[in-house]
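Residue-level listing of the chains:
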Amino acid sequence: MLNDRLRFWAIVSQALGFAVIFLLETCLGRGQAGSYQLAVLLVMLAFAVVIAVLRRYAQRKAQRLAAVRFALLEEDAADD
């Protein structure tokens, strides 16, 4: 599961964000932690969006390479 770099960074960023949210709640208390927790949550969401875009880009790149390889194989088969 963790052999995929983007999945690893997604898990790490979310775990770190939740840990920071809990630490803020513990250290600052409920009244003072709200705005900081919102900022942490927005950063977590931004990281999630960036990672999703990067994963999609990698998937599309793999699909393009597979299509090129398939076309080359078909061309070789047609030559025979």
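Residues numbered from 1 in each chain as written. Predicted model: local features only at pLDDT ≥ 70, side-chain atom pairs only at ≥ 80, totals over all residues. Heavy atoms only, no water.

Q: Outline the overall build of the protein, listing residues and values.
A: The helix and strand inventory of the protein stands at 2 helices and 0 strands. Relative to its length of 80 residues, the protein is extended, with a C-alpha radius of gyration of 21 Å against a globular reference of 12 Å. By its C-alpha atoms, the protein is 75 × 20 × 10 Å across when sized along the principal axes. Across the 80 residues in the protein, those meeting the buried criterion constitute 12%. (Helix = DSSP H or I, 4+ residues; strand = E, 2+ residues; numbered from the N terminus. Rg over C-alpha atoms; globule rule 2.2 N^0.38 Å. Buried < 20%, exposed > 50% of the residue type's maximum accessible area, 1.4 Å probe, protein only.)

Q: Before we move on, could you go through the packing of helix α1 (residues 5–28) against helix α2 (residues 30–79) and cite the residues and values that matter?
A: If you want to describe how two helices pack, look at the angle between their axes and the distance between the axes. Interaxial distance between α1 and α2 falls to 9 Å at its minimum, and their mutual angle equals 175°. What the angle tells us is that α1 and α2 run roughly antiparallel. In terms of residue class, the contact of α1 with α2 is made up of 16 nonpolar, 5 polar and 4 charged. (Axes fitted to C-alpha atoms, helices over the stretch in contact; angles between N-to-C directions. Parallel < 35°, antiparallel > 145°, perpendicular 65-115°, else oblique. Nonpolar A, V, L, I, M, F, W, Y, C, P; charged D, E, K, R; others polar.)

Q: Please provide a residue-by-residue account of the packing of aromatic side chains, values included.
A: In total, this model carries 1 aromatic pair according to the counting rule given. Here the aromatic rings of Phe8 and Trp9 are separated by 5.3 Å at their centres, their planes lie at 70°, and the arrangement is edge-to-face. You can call Phe8 partly exposed: its relative accessible area is 33%. (Phe/Tyr/Trp six-rings, centres within 6.5 Å; stacked < 30°, edge-to-face > 60°.)

Q: Talk me through the layout of surface pockets; I want residue IDs and the actual numbers.
A: Here the largest pocket is characterised by a volume of approximately 180 Å³. Lining the largest pocket, in full, are Trp9, Ser13, Leu16, Gly17, Val40, Val43, Met44, Phe47, Val50 and Ile51. Among the elements of the structure, α1 and α2 are those that each provide at least two residues to the lining of the largest pocket. In terms of residue count, α2 provides more of the lining of the largest pocket than any other element does, 6 residues in total. Split into classes, the residues belonging to the lining of the largest pocket amount to 8 nonpolar, 2 polar and no charged. (1 Å grid on protein atoms, 1.4 Å probe; cavity = no way out; pocket = protein on both sides within 12 Å on 5 of 7 lines; lining within 4 Å. Points joined across faces, edges and corners; volume = space filled by probe spheres on them.)

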